[in-house]
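Here are the chains, one letter per residue:
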Amino acid sequence: MILFALLLLVIGTYAVTLLACAVAWYKLPRLQAKPPHDVAFFSVIVPVKDEAATILQLLQDLEGQDYPPSNFEVLVIDDHSTDSTPSLVQNFLATSSLNLRVLFLASFPENRLKKGAIAVGVSQAKGDWIACTDGDCRVPAAWLSSINQCRVEQQAKFISGPVAFASDGSWFQQLQALEFSALIGVGAASIGLTLPTMCNGANLAYEKSAFLEVNGFSGNAHLPSGDDEFLMHKIHQREAGCVAFLKDRNATVYTKATNSFTSFIEQRKRWASKWKHYTLAAPKALALLVLVGNISLWLALVATIALGVSWSWFLLLVVLKLVADAFLLYQVLGFFQNRKLLLHLGLLQLVYVPYILATAILGWRGTYAWKDRQHVAA
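All of these numbers come straight from a predicted model, not from anything done at the bench.

1. Considerations on helix α2 (residues 55-63)
Part 1: Along α2, the positions that sit buried rather than exposed are Ile-55, Leu-58, Leu-59, Asp-61 and Leu-62. Summarising the axial view, the buried residues of α2 lie within an arc of 155 degrees, below the 170-degree limit, and thus occupy one face.

Here it is in structure tokens:
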């Protein structure tokens with residue numbers, strides 16, 4: 001019974017945290033009906049490597065922005081692509097009215113990988129504000145307008161925007177979309193609680209001066225991943241309360257879920273490799289709580305079978321955790337207009353523990369592949 005009391009304490013703490021996140025998500029400010037007259041100049045930075053299959057769609061999305069064309073530019077920074085990405089971008093430039101520049105990371109040998117590409121983009125940017133997305137994403141027409149409105153209304157210096165997975169309808173991709181929605185929701189809620197933990201580089205914006213004031217990626221430039229969260233943490237540490245979440249469905253950026261188990265594991269190993277390099281207590285504590293909370297449910301199952309304890313204890317823990325998960329996800333998935341994903345919550349719980357344990361261990365000390373390169377989780 002002592003064991004179950006401890007497990008109840010852990011899962012209870014997890015449930016209270018998720019419920020607090022649900023309340024914080026609900027309270028996140030939405031954009032007002034009337035857009036502001038203050039229009040910033042944005043430099044949209046798109047680091048790319050081998051994005052020939054998707055880059056033209058993104059450029060067309062940027063060309064179709066409802067934001068004044070004279071108030072933004074697009075910088076595509078090519079990171080040694082081996083496919084036709086550079087030529088596709090240059091051919092698009094020849095026939096488009098989009099204010100577009102193409103830069104090559106090879107021309108800046110002191111910079112490497114995605115962080116290096118972004119740093120080059122910031123150094124060449126004409127705008128006072130930087131907006132970031134990836135070459136495999138789709139952005140809505142109101143993307144920049146919504147970011148600008150959030151900038152004015154929330155007096156933000158760093159803006160995290162909503163990102164969702166586009167799924168092919170398979171159970172594998174729907175499970176990814178469900179888990180990813182939870183990550184976006186918790187990340188947004190933590191910003192609402194002024195304890196920012198997670199964000200996603202597919203939909204970010206920040207003041208160029210804020211980037212320069214914290215010396216950009218200095219201190220973590222050697223890590224392949226973390227161009228989003230590490231920067232957010234540094235800006236928050238410099239000025240608490242200046243980080244905002246853009247709670248506007250019309251600003252949602254879509255990216256594709258992975259279509260193979262191998263690429264999925266490699267992606268999650270890359271994400272997990274960042275955890276030990278966090279300098280703020282909140283993201284470390286949250287990562288640990290999620291890991292321990294999910295493991296506790298499996299420990300409860302093993303203990304119930306091995307010790308012959310009443311199943312009512314195990315069912316209590318299951319209900320406590322899943323209700324908390326569902327309470328947050330119901331709101332977040334409602335925002336993304338995809339509540340049918342909740343039907344996969346039970347299945348996700350079954351597969352989540354083995355996967356999160358494996359990726360946590362491999363992400364802590366191991367290797368992972370990203371953009372056809374092998375990286376060591378240092």
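2. Comments concerning the sheet that holds strand β10 (residues 253-256)
Part 1: Reading across from one edge, β5-β10-β7 is the order of the 3 strands in this open sheet, with mixed pairing throughout. Because the sheet does not close on itself, it has two edges, and the strands there are β5 (137-138) and β7 (163-166).
Part 2: Bridge analysis of β7 against β10 gives 4 bridges, and the strand direction is parallel. Bridge pairing in β10 links Ala-166 to Lys-256.

3. Quick word on unusual backbone geometry
Part 1: The backbone of Asp-50 shows a phi angle near 55 degrees, a positive value even though the residue is not glycine.
Part 2: Within the element layout of this structure, Asp-50 appears in the loop between β1 (42-48) and α2.
Part 3: For Asp-50, a relative accessible area of 21% corresponds to the partly exposed category.
Part 4: Despite not being glycine, Gln-337 has its phi angle at roughly 55 degrees, a positive value.
Part 5: If you trace the backbone, Gln-337 turns up in the loop between α11 (311-335) and α12 (345-364).

4. Structural notes on the environment of Gln-60
Part 1: Topologically, Gln-60 is positioned in helix α2.
Part 2: In this structure, the C-alpha to C-alpha distance between Gln-60 and Ala-142, residues 82 residues apart in sequence, is 13 Å.

5. Focus on the packing of aromatic side chains
Part 1: For the structure shown, the criterion picks out 16 aromatic pairs.
Part 2: Their ring planes at 85 degrees and their centres at 5.4 Å tell us that Trp-25 and Phe-335 sit as a pair that is edge-to-face. Of the two residues, Trp-25 sits in helix α1 (residues 2-27) while Phe-335 sits in helix α11, which places them 310 residues apart along the sequence.
Part 3: By relative accessible area, which is 2% here, Trp-25 ends up buried.
Part 4: Summarising the aromatic geometry, the rings of Phe-230 and Tyr-278 are spaced 6.0 Å apart at their centres and angled 70 degrees between planes, so their arrangement reads as edge-to-face. Within this pair, whereas Phe-230 is found in helix α8 (residues 229-238), its partner Tyr-278 is found in the loop between α9 (261-272) and α10 (281-307), the two being separated by 48 residues in sequence. For the residue pair Phe-230 and Tyr-278, the accessibility class agrees, reading buried in each case.
Part 5: Each member of the aromatic cluster is reached from another via a ring pair, and the members are Trp-25, Phe-245, Phe-335 and Phe-336.
Part 6: One Lys or Arg, Arg-249, reaches over the ring of Phe-335 and ends 5.7 Å from the middle of that ring.

6. As for the packing of α1 against α11
Part 1: Two elements in contact, α1 and α11, have axes whose closest approach is 9 Å; the angle formed by their N-to-C orientations is 15 degrees. With respect to α11, the axis of α1 lies roughly parallel. The crossing of α1 and α11 is left-handed.

7. Considerations on the state of the cysteines
Part 1: Tallied over the entire structure, the rule returns 0 disulfides.
Part 2: Cys-21 takes part in no disulfide bond, and the closest cysteine sulfur to it belongs to Cys-199, at a distance of 15 Å.
Part 3: Given a relative accessible area of 6%, Cys-21 falls into the buried group.
Part 4: Left unpaired, Cys-137 is separated from the closest cysteine sulfur, that of Cys-132, by 11 Å.

8. Focus on helix α3 (residues 85-95)
Part 1: Along α3, the residues that are buried comprise Thr-85, Pro-86, Val-89 and Phe-92. Along α3, the residues classed as buried sweep out an arc of 130 degrees about the axis, all on the same side. Structural note: α3 exposes Asn-91, Ala-94 and Thr-95 on the side pointing more than 90 degrees away from its buried face.

Rules used throughout
- Residues numbered from 1 in each chain as written.
- Predicted model: local features only at pLDDT ≥ 70, side-chain atom pairs only at ≥ 80, totals over all residues.
- Heavy atoms only, no water.
- Buried < 20%, exposed > 50% of the residue type's maximum accessible area, 1.4 Å probe, protein only.
- Helix = DSSP H or I, 4+ residues; strand = E, 2+ residues; numbered from the N terminus.
- Arc of directions from axis to C-beta.
- Pairing = 2+ DSSP bridges.
- Phe/Tyr/Trp six-rings, centres within 6.5 Å; stacked < 30°, edge-to-face > 60°.
- Lys NZ or Arg CZ within 6 Å of the ring centre and 35° of its normal.
- Axes fitted to C-alpha atoms, helices over the stretch in contact; angles between N-to-C directions.
- Parallel < 35°, antiparallel > 145°, perpendicular 65-115°, else oblique.
- Left-handed = near helix turned anticlockwise from the far one by under 90°.
- Disulfide = S-S within 2.5 Å.

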